Amino acid sequence: GTAEGYPLTLGSGAFVPAKGRDGEINAFLKLRSYLDDPAVKTAVIVDPYFSVEAASKILTRIQNSTLKLDIITSLSAGEPEEGREINEADRFKGFLDANAPRLYKSLRILNLTRGTGSAFHDRYLLRSLADGHIDGFLLSNSINSMGAFNPFVIAPMEQPVLEGVRKYLHNMLDSELQQRLP
């Protein structure tokens with residue numbers, strides 16, 4: 001089958017048990033293996049809570065130097081914490097500015113919000129491979145604390161599901177369509 005002209009493939013999934021710090025490290029290593037695979041040319045990580053914590057774990061440690069990576073997140077403009085407002089988007093931008101020399105050039109971060117709240121909830125990893133195939137995975141929890149408190153599951157999506165997710169993401173990134181939504 002195809003999605004917008006690309007052949008689809010069903011990649012292997014993974015289950016990483018929750019084991020505190022060890023579970024978090026093992027989940028990071030597993031996710032990084034999905035990005036560092038030399039056959040992977042482009043990847044999209046969709047995680048509404050992908051913040052400085054996730055960026056510091058992943059973005060500075062990916063070894064695939066030819067990877068084109070998009071991160072789609074939904075950090076709110078301000079969330080109360082201990083009686084003060086924190087602008088997570090500004091905090092994330094500060095991290096990116098401070099770590100720019102350690103990040104590769106083909107990184108794009110998209111922060112989508114709806115009003116002052118999150119624009120989406122689910123988490124995905126989509127990849128385009130050198131042979132022209134694409135695959136996609138549902139991620140069980142946010143990269144911020146993957147594997148620390150709950151098992152981290154990377155579940156492959158079958159063709160109809162992947163096509164639906166790709167269409168959903170395309171529509172989510174269409175600003176004109178989003179303007180018309182209630």
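Residues numbered from 1 in each chain as written. Predicted model: local features only at pLDDT ≥ 70, side-chain atom pairs only at ≥ 80, totals over all residues. Heavy atoms only, no water.

Focus: the sheet that holds strand E3 (residues 14–16)
The seven strands are arranged E3-E13-E12-E11-E4-E5-E8 in an open sheet whose pairing can be described as mixed. The open sheet terminates on both sides in strands that have one partner only, identified here as E3 and strand E8 (107–111). The mean inter-strand angle of the sheet, taken between neighbouring strand axes irrespective of direction, is 15°. Pairing analysis gives five bridges linking strand E11 (residues 124–129) to strand E12 (residues 134–139), with the strands arranged antiparallel. Residue pairing in the sheet places Ser128 in a bridge with Ile134 of E12. Sitting on the sheet, helix H1 (residues 20–36) is in contact with E3, strand E4 (40–46), strand E5 (68–73), E11, E12 and strand E13 (152–156), with an inclination near 160° to E3. Lying over the sheet, helix H4 (residues 159–172) contacts E4, E5, E11 and E12, oriented at roughly 105° with respect to E11. (Pairing = 2+ DSSP bridges. Helix = DSSP H or I, 4+ residues; strand = E, 2+ residues; numbered from the N terminus. Axes fitted to C-alpha atoms, helices over the stretch in contact; angles between N-to-C directions. Contact = heavy atoms within 4.5 Å.)

Digging into the pairing of E13
Pairing analysis gives three bridges linking E3 to E13, with the strands arranged antiparallel. Looking at E13, one finds that Val16 is bridged to Phe152.

Thoughts on the pattern of salt bridges
In this structure the tally under the stated criterion is eight salt bridges. With a closest N to O distance of 3.0 Å, Asp97 and Lys93 form a salt bridge. With Asp97 and Lys93 both in helix H3 (residues 88–99) and four residues apart, the pair spans about one turn of that helix. Exposure remark for Lys93: the relative accessible area of 47% places this residue in the partly exposed category. The partner of Asp135 in a salt bridge is Arg127, with the nearest N and O atoms 2.7 Å apart. Given the relative accessible area of 2%, Asp135 is considered buried. Three or more residues are tied together by salt bridges with common partners; here these are Arg21, Glu24 and Lys57. (Salt bridge = Lys/Arg side-chain N within 4 Å of Asp/Glu carboxyl O. Buried < 20%, exposed > 50% of the residue type's maximum accessible area, 1.4 Å probe, protein only.)

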